[in-house]
Amino acid sequence: MSVRLPRARRARLSLLTAGTASFALLATACGGSGGGTSAAPEDFSYLSVTENTTVKTALTTMSKGACEAANDALPLKVETVPQASLDQKLQLLAGQNALPVQFAAGNAPALTQQLAKSGKVADLEKELKSLGVLDQLEPAAVSTIKALYGGELQVLPYEYNIEGIFYNKKLFQENGLKVPDTWEELGAAAAKLESKGVQPFSASGQQGWPLTRLISGYLYRSLGPDALQKVADGKAKLTDPEYVKAAEEVAALGEKGYFGKGVGSIDYDTAMNEFLNGKAAMFYMGSWALANISDDEQNKVGAENVGFMPFPAVSGGKGSIDQYPSNVGLGITLSAESFDEKTGDWVSCIAKNYGSTALKDHGSISGFKVNTEVKDANEVTTQVRDTISSSKQNVLWFEALFSTKATTVSQTNAASLVAGSMKPEQFMQTVQDALAAE
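Residues numbered from 1 in each chain as written. Predicted model: local features only at pLDDT ≥ 70, side-chain atom pairs only at ≥ 80, totals over all residues. Heavy atoms only, no water.

Caption draft 1: The overall build of the protein chain, seen in detail. Of regular secondary structure, the protein chain possesses 19 helices and ten strands. For a compact globule of 438 residues, the expected C-alpha radius of gyration is about 22 Å, and the protein chain comes in at 22 Å, within 12% of that figure. Within the protein chain, the proportion of its 438 residues that are buried is 58%. Considering only residue pairs separated by 6 or more positions, the protein chain has 78% of its internal contacts joining residues 24 or more positions apart. Summed over all atoms, the accessible surface of the protein chain reaches about 17,200 Å², with 47% contributed by carbon and sulfur. Of the charged side chains in the protein chain, 39 are positive and 48 negative; the average position of the first set lies 3 Å away from that of the second. (Helix = DSSP H or I, 4+ residues; strand = E, 2+ residues; numbered from the N terminus. Rg over C-alpha atoms; globule rule 2.2 N^0.38 Å. Buried < 20%, exposed > 50% of the residue type's maximum accessible area, 1.4 Å probe, protein only. Contact = heavy atoms within 4.5 Å. Areas by Shrake-Rupley, 256 points an atom, 1.4 Å probe, with all protein chains shown as cover. Lys, Arg positive; Asp, Glu negative; His and termini not counted. Charge placed at Lys NZ, Arg CZ, Asp CG, Glu CD.)

Below you can see the structure in the form of structure tokens.
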């Protein structure tokens, strides 16, 4: 059950990093409640992104198996566009009342919310409830979607990821380390690894978000799960001392050399390879990395030597160690105008079968329940799946509620923060200024 999809996984992460185009044209073209004349779809058209192969491959498999009847009535038809062109394509199709039956949502939640306000996006909670399959979605995935999309279920969770720290069990054992429960223990473990000539962390400074995730992790543990919602609501600022403290703590890791040399030039694939080749002991990442960890060609340390731990607690903090950052990758939604009985048959079949198909064929964890017994690729996959199923509360990531401009500013300056060329106060001020400018 191995798969080599680092680029696809990385592309899905661009949901977390990419901005959206201006909505002025969209608002003009899509005013009202959708306009145009609704017609029954001739096929189950699906607009995907070129970089993401998992969803379209799984749907194709299902069209020939579990969903064959639905496919006979409404044949699956897949079209792809580069992810960088997705937002523009969606706006164009929306303006022409020509959105496909199912399509990859925009690169940030704001575009999908705009489409929904224009009457273009199906009310998925209502439709799934009507079909009797709403319970096929994991509650944690539904919670995450609603947190991202203004309290509404606007996309389907073809992918569901939680985040934490993957660690090399063998390196921990060789250096007499236990899994750290607190931030202080994490720092002590990193110091011991560094003293033994082992790089404590692998991270991509080029992408930036693997570093800013550490800032939000500290904020959630120290200030509680509403830490960044308060910033979005204007009740707190990133320049407040308790927020700057988080940036200081992460900057200190870089100052001590715990990310190795030249972190600013390291891209996502290189960071992944450093960990999977045993050159770094820890790797903060989402559960999408399980595909790489389960791939014997990529993982030279062996999946049996990889463990998963939550972001550690901050002493005296208001957050809980069992609150996991989560996301649904590049969400997939459906057109309101073409959601008819045949579309409903497809969606019902997807809800009941996608979770098992994605896990069995791709080692991919989705937000759909797994209804058939599927043997996990390894112990760490089971550990992550169990964590998702038992998770009661989830949080977002550093830039989840930021504007496009602030997201870019945050991620492009993250490497400078850990390299010491930008002070924590300056980093947080720069991001706060970008937020205020929108």
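Caption draft 2: Representation of the pattern of salt bridges within the structure. Within this structure, the stated rule accounts for ten salt bridges. A salt bridge links Glu163 to Arg213; the shortest N-O distance between them is 2.9 Å. Taken together, the positions of Glu163 in strand E4 (residues 161-168) and Arg213 in helix H11 (residues 209-223) put the pair 50 residues apart, joining distant regions of the chain. Arg213 matches Glu163 in its accessibility class, with the two residues each being buried. With a closest N to O distance of 3.9 Å, Lys169 and Glu379 form a salt bridge. Separated by 210 residues along the polypeptide, Lys169 in helix H9 (residues 169-174) and Glu379 in helix H17 (residues 379-390) bring together distant segments of the chain. The structure contains a network of salt bridges with shared partners spanning Lys178, Asp181 and Glu185. (Salt bridge = Lys/Arg side-chain N within 4 Å of Asp/Glu carboxyl O.)

Caption draft 3: Representation of the side chain of Ser338 within the structure. When you line up the elements, Ser338 lands in the loop between strand E9 (332-334) and helix H16 (341-362). Relative accessible area serves as the criterion here: at 9%, Ser338 is assigned to the buried category. If sequence neighbours within four positions are ignored, Ser338 has contacts with Pro41, Pro100, Val101 and Thr343.

Caption draft 4: Region of interest: the packing of helix H3 (residues 54-63) against H16. It is at 9 Å that the axes of H3 and H16 come closest, and there the two elements cross at 115°. Classified by the interaxial angle, the pair formed by H3 and H16 is roughly perpendicular. Regarding H3 and H16, the two cross each other, and that crossing is right-handed. Facing Thr54, Val55, Thr57, Ala58, Leu59, Thr61, Met62 and Ser63 of H3, the residues of H16 in contact are Trp346, Cys349, Ile350, Asn353, Tyr354, Thr357, Asp361 and His362. For the contact of H3 with H16, a count of residues per class yields eight nonpolar, seven polar and one charged. (Axes fitted to C-alpha atoms, helices over the stretch in contact; angles between N-to-C directions. Parallel < 35°, antiparallel > 145°, perpendicular 65-115°, else oblique. Left-handed = near helix turned anticlockwise from the far one by under 90°. Nonpolar A, V, L, I, M, F, W, Y, C, P; charged D, E, K, R; others polar.)

Caption draft 5: The state of the cysteines, seen in detail. Applying the stated rule across the entire model yields one disulfide. A sulfur-sulfur distance of 2.0 Å marks the disulfide that ties Cys67 to Cys349. Between Cys67 and Cys349, the disulfide has an S-S torsion of -100° and is therefore left-handed. Taken as a pair, Cys67 in the loop between H3 and helix H4 (68-73) and Cys349 in helix H16 lie far apart in primary sequence, 282 residues in all. Note on Cys67: relative accessible area 1%, which makes it buried. (Disulfide = S-S within 2.5 Å.)

Caption draft 6: Highlighting the environment of Phe103. Relative to the helices and strands, Phe103 resides in strand E3 (residues 102-104). The spacing of Phe103 and Leu86 is 17 residues in sequence and 9.7 Å in space, taken between C-alpha atoms. Aside from chain neighbours lying at most four places away, what touches Phe103 is Tyr46, Leu47, Leu90, Leu115, Gly331, Ile332, Thr333, Leu334 and Ser335.

Caption draft 7: A look at the sheet that holds E3. Strands sit in the order E2-E1-E3-E9 across an open sheet of four strands; the sheet is mixed. Unpaired on one side and paired on the other, strand E2 (76-81) and E9 mark the two borders of the sheet. Recorded for the sheet is a direction-independent mean angle of 20° between the axes of neighbouring strands. Bridge count for strand E1 (residues 44-49) against E3 is two bridges, and the pairing is parallel. Within E3, the residue paired with Leu47 across the bridge is Phe103. H16 contacts E1, E2, E3 and E9 of the sheet and is inclined by roughly 55° relative to E1. (Pairing = 2+ DSSP bridges.)

On their own, these measurements won't tell you what the molecule is for.
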